[in-house]
Amino acid sequence: MEATQRQLVPLVVGILLIGICFSHASGESPFDEWEKFLQEKVSFRGFVENTTGLSVSHGSHFFDTSNRFIMNRFTIQPEFNVDMTDWAKFFISWRFVKEPRYNAEAKSRKQSVTYFPAAPVKPLSNTFYDEDSFKPWEAVLDLKPHDQLKIRLGRQFISWGETDGIRLLDLINPQDLTFSPPAAPNLFNLDETRIPAWGLRTLYTIQPVSNTILEFFALPGGFEQAKQRVDEIVGSNDTGDLKVRYGRWSAHPETRLTFLGRNAFGNLFANSIRPACSGAAPPTSISCLVIPSTSRELPDAGDSWKIGSRISHSIGKLNFSLGYIWGFNPQSTDMVFKVKGVTCSAPVPGPCLAGTAPSVVQLRLVNDRTNIFAGQFNYPVGDVFSLPVNTTVRGEVAFLPDKPYNISKYPGAFGLKATVDPKHPDAVVEKHTLRYALGFDRTTLIPFLHPDDPWRAFNLSFQIFQSIIMNHEDGIHPFSSAEKIKKVSTTFTFRAGTGYFGDTILPDVFFAYDPEGYWSANPAISYVPPGNEKIRVSLIGALYGGRNKFKSFGFFDEKDSVFLKLRYQF
């Protein structure tokens, strides 16, 4: 990785020199040619941003008091564009982020969690949220050797999805979930939270008239840090070192599974090594407690390729595409715990077999390699039976064959909510899964909400997401809790935005709703000074609720926060 960064300086210099060679030759001196090239071919832009956040919830499992300072994220992102020729362009940017240590966060982590033995929750490091590497954030060379062929090389973003706030086909680049609250596109949208990756992307226009395009991409993965090959999440989910860590947007851990006063989370996944604990009438003994020793297993550098291809085509107003992705599914919500073995907590198995010591299950939290068949479409609907609909309908479909899920038996042994299912001792089952999203976008007039300008439109967007687990079995659950996943899971989202006073006041609100009894609200209002669109000041809320704290948006029901965001585009 360090060698790659050292090579970037001569790479950038070389590209600039190539650009000079490609520029129009004249009798001027090299210095004049250099100055002319910089003035005409090189542009500089970027932004400076500061986001300050305050928690407004009370009774958090992770924090002891409300009204606590949880974010002061300062970001500088400089960007350079180099137009070398008509067929070669270069773009490079860096991202530098600094956040201070949050004393409220650190002081509230003195409580212990009931793993065995009990361990205090540790504060995150002072630089956990920082980004200070001189490795480019993006560095792409765009080549157009032919009118029908485009090639992009370098560290880049590749997104096939168009959904708002929630990912579906956006499975190519991983996402940084350490600093951004979920389902809050008004604070940090999906474009801001994606992690770029080194790779190749090509687009070949087969038929320009019908906009038929064949696309191929390949991301080796080995050029990235291990943790950036998949979604970055907090907490670490590692307890093998007896150091439990929770960050701002950590979901609630499973705390309902207690046995003899201890966290029995491991009983979701493995039986004790004592045979009597697997019998029809297991004894009430500490030996039947299974203690989890968990760790994150990241894709190896040489085994983390991601390859995909799709073809896009237009028929009249209808645009659609079909594609295929092979590689690791980076999403944190799709990870599973895999049982690697069960041992005794004592140095020898004797105490466990005698009923005086608990067992330990070795769990690895993994992102599985997968095949994803993808499709999407976009169609603007005008009039239907002479009625003006004026709505754009868009859709995405993803089919994941043999997608892994964790599975347990309900109700569990020892009076627990769930324990290991004898039919699945490895705690994993594979099921074909179909996911789709339908979106409806339109602009509409609501005169009574715009008395000063009745012709000012509102931008409205509605989405429905569904996940269908084929050949579903009772007991399938997410890795992080014992809350069951039903055969069909549904989420609705709605977004509305407009502008007042010449688009200087810009309200926008995003809602998400899970019919199982969970919701999220992300309202925002922004101010853009008249005649100065480079400055934007936003007040944003991120609010969550639900029937419990172990599923969906309920994970974050003690994370309600408000943010003040200031951005200057230069």
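It should be emphasised that the depicted structure is a prediction, and the values quoted were computed from it without experimental measurement.

1. Focus: the overall build of the protein chain
Here's step 1: Along its length, the protein chain carries five helices and 28 strands.
Here's step 2: Out of the 570 residues belonging to the protein chain, those deemed buried represent 50%.
Here's step 3: Sequence separation of at least 24 residues holds for 66% of the intrachain contacts in the protein chain that already meet a minimum separation of 6.
Here's step 4: About 26100 Å² of surface is accessible on the protein chain, with carbon and sulfur atoms providing 61% of the total.

2. Some details on the pattern of salt bridges
Here's step 1: A full pass over the atoms with the stated rule returns 31 salt bridges.
Here's step 2: Between Lys338 and Asp368 there is a salt bridge whose closest N-O contact spans 3.2 Å. Taken together, the residues Lys338 in strand E17 (residues 336–344) and Asp368 in the loop between strand E18 (359–366) and strand E19 (369–384) connect sequence positions 30 residues apart.
Here's step 3: Taking the shortest distance from any N to any O, the salt bridge between Glu483 and Arg547 comes out at 3.4 Å. Residue Glu483 is found in the loop between strand E23 (476–477) and strand E24 (488–497), and its partner Arg547 is found in the loop between strand E27 (535–546) and strand E28 (561–569); the two are separated by 64 residues along the sequence.
Here's step 4: Taking the relative accessible area as the measure of exposure, Glu483 reaches 7% and is therefore buried.
Here's step 5: Linked by salt bridges that have partners in common, Glu254, Arg256, Glu483, Glu516, Arg547 and Lys551 make up one network.

3. A look at the pairing of strand E15 (residues 306–315)
Here's step 1: With burial as the criterion, only one face of E15 is covered, namely that bearing Lys306, Gly308, Arg310, Ser312 and Ser314; the residues Ile307, Ser309, Ile311, His313 and Ile315 on the opposite face remain uncovered.
Here's step 2: Both strand E10 (residues 212–219) and E15 contribute to a ladder of seven bridges, which runs antiparallel. Paired with Leu214 across the strands is Ile311, a residue of E15.
Here's step 3: As judged from the nine bridges shared by E15 and strand E16 (residues 318–328), these two strands associate in the antiparallel manner.

4. Brief notes about the state of the cysteines
Here's step 1: Under the defined criterion, the tally for this structure stands at two disulfides.
Here's step 2: Disulfide pairing places Cys277 opposite Cys288 at an S-S distance of 2.0 Å. Taking the sign of the torsion about the S-S bond as the criterion, the disulfide between Cys277 and Cys288, at about -85 degrees, is left-handed. Here Cys277 is found in the loop between strand E13 (262–263) and strand E14 (290–297), whereas its partner Cys288 is found in the loop between E13 and E14, with 11 residues between them in sequence. As far as the burial class goes, Cys277 and Cys288 line up, both buried.
Here's step 3: Residue Cys344 pairs covalently with Cys352 via a disulfide, S to S 2.0 Å. The sign of the S-S torsion, about 90 degrees, decides the handedness of the disulfide formed by Cys344 and Cys352: right-handed. By the burial criterion, Cys344 is buried, and Cys352 matches it.

5. As for the environment of Gly350
Here's step 1: On the secondary structure map, Gly350 appears in helix H5 (residues 350–354).
Here's step 2: The spatial distance from the C-alpha of Gly350 to the C-alpha of Arg274 is 9.6 Å, given a sequence separation of 76 residues.

6. Let's talk about the nonpolar core
Here's step 1: Formed by 25 residues in total, the largest nonpolar core has its most connected members in Leu257, Ala264, Leu268, Phe269, Phe337 and Ala482.
Here's step 2: Looking at this core, the elements with two or more residues in it are E14 and E18.
Here's step 3: No other element matches the four residues that E18 contributes to this core.
Here's step 4: The residues contacting Ala482, other than those within four sequence positions of it, are Glu254, Arg256, Leu257, Leu268, Tyr410, Lys417, Ala418 and His477.
Here's step 5: Among the nonpolar cores identified, the runner-up in size contains 20 residues, and Ala184, Trp249, Phe510 and Tyr544 belong to it.

7. Some remarks on the sheet that holds E14
Within a sheet, each strand pairs with its neighbour through backbone hydrogen bonds, oriented either parallel or antiparallel.
Here's step 1: Spatial ordering of the open sheet is given by E14-E18-E17, a layout of three strands whose pairing is mixed. Looking at which strands have only one partner, the edges of the open sheet turn out to be E14 and E17. Each adjacent strand pair in this sheet contributes to an overall mean axis angle of 25 degrees, direction not counted.
Here's step 2: By the bridge criterion, eight bridges tie E17 to E18 in an arrangement that is antiparallel. Across the sheet, the residue bridging to Val339 is Leu363, located in E18.

8. Describing the confidence of the model for the protein chain
Here's step 1: With 86% of its residues at a pLDDT of 70 or more, the protein chain has an overall mean of 86.
Here's step 2: Element-level mean pLDDT values for the protein chain span from 51 in helix H1 (residues 2–22) up to 98 in E24.
Here's step 3: Counting interchain partners and residues more than four positions distant, the pLDDT-below-50 stretch residues 1–7 has seven contacts.

9. Considerations on unusual backbone geometry
Here's step 1: Cis geometry marks the peptide bond from Tyr410 to Pro411, where omega comes out at -15 degrees.
Here's step 2: Among the secondary structure elements, Pro411 is positioned in the loop between strand E20 (387–407) and strand E21 (428–445).
Here's step 3: A positive phi is found at Asp402, a non-glycine position, where the angle reads about 55 degrees.
Here's step 4: Structurally, Asp402 can be placed in strand E20.

10. Re the packing of aromatic side chains
The geometry of an aromatic ring pair comes down to the distance between the two centres and the angle between the two planes.
Here's step 1: All told, the structure shown has 19 aromatic pairs when counted by the stated rule.
Here's step 2: Seen in terms of ring centroids, Phe80 and Trp94 are 6.5 Å apart; in terms of plane orientation they differ by 85 degrees. Their pairing is edge-to-face. Placement of the pair is Phe80 in strand E2 (residues 68–83) and Trp94 in the loop between strand E3 (88–93) and strand E4 (96–98), with a sequence separation of 14 residues.
Here's step 3: The partly exposed category is assigned to Phe80, whose relative accessible area is 32%.
Here's step 4: On the numbers, 5.7 Å between centres and 80 degrees between planes, the contact of Trp160 with Phe217 is edge-to-face. In this pair, Trp160 sits in the loop between strand E8 (149–156) and helix H4 (190–193) while Phe217 sits in strand E10, placing the two residues 57 residues apart along the sequence. An identical accessibility class is assigned to Trp160 and Phe217; each is buried.
Here's step 5: Through pairs of rings, three or more aromatic residues link up here, namely Phe44, Phe80, Trp94 and Phe570.
Here's step 6: Sitting above the plane of the Phe550 ring, Arg256 keeps its charged end 3.9 Å from the centroid.

Rules behind the numbers
- The residue numbers shown here count from 1 along each chain, following its written sequence.
- Totals for whole chains, interfaces and linings use every residue, but because this is a predicted model, local features are given only for residues with pLDDT of at least 70 and side-chain atom pairs only at 80 or more, for both listing and counting.
- The side-chain figures draw on all heavy atoms in the structure; neither hydrogens nor water molecules are used.
- What counts as a helix is a DSSP run of H or I of at least four residues, what counts as a strand is a run of E of at least two, and both are numbered from the N terminus.
- We call a residue buried when its accessible area falls under 20% of the maximum for its residue type, exposed when it is over 50%, and partly exposed in between, using a 1.4 Å probe and counting protein chains only.
- The contact criterion used is simple: two residues touch if any of their non-hydrogen atoms lie within 4.5 Å.
- Each accessible area value is a Shrake-Rupley result obtained with a 1.4 Å probe; residue values ignore everything except the protein chains displayed when judging cover.
- The working definition used for a salt bridge is a side-chain nitrogen of Lys or Arg within 4 Å of a carboxyl oxygen of Asp or Glu.
- Here, a strand pair is defined by DSSP locating no fewer than two bridges between the strands.
- The criterion for a disulfide is a pair of cysteine sulfur atoms lying within 2.5 Å.
- For this analysis, a nonpolar core means a set of buried residues of the types Ala, Val, Leu, Ile, Met, Phe, Trp, Tyr and Cys, connected via side-chain atoms within 4.5 Å.
- All axes here are fitted lines through C-alpha atoms, helices being fitted over the stretch that makes contact, and every angle between N-to-C directions spans 0 to 180 degrees.
- Scored from 0 to 100, pLDDT records how confident the predictor is in each individual residue.
- The criterion for an aromatic pair is that two Phe, Tyr or Trp rings (for Trp, the six-membered ring) have centres within 6.5 Å, with stacked assigned to planes under 30 degrees apart, edge-to-face to planes over 60 apart and tilted to the rest.
- Any Lys NZ or Arg CZ that is within 6 Å of a ring centre and within 35 degrees of that ring's normal is treated as a charge sitting over the ring.

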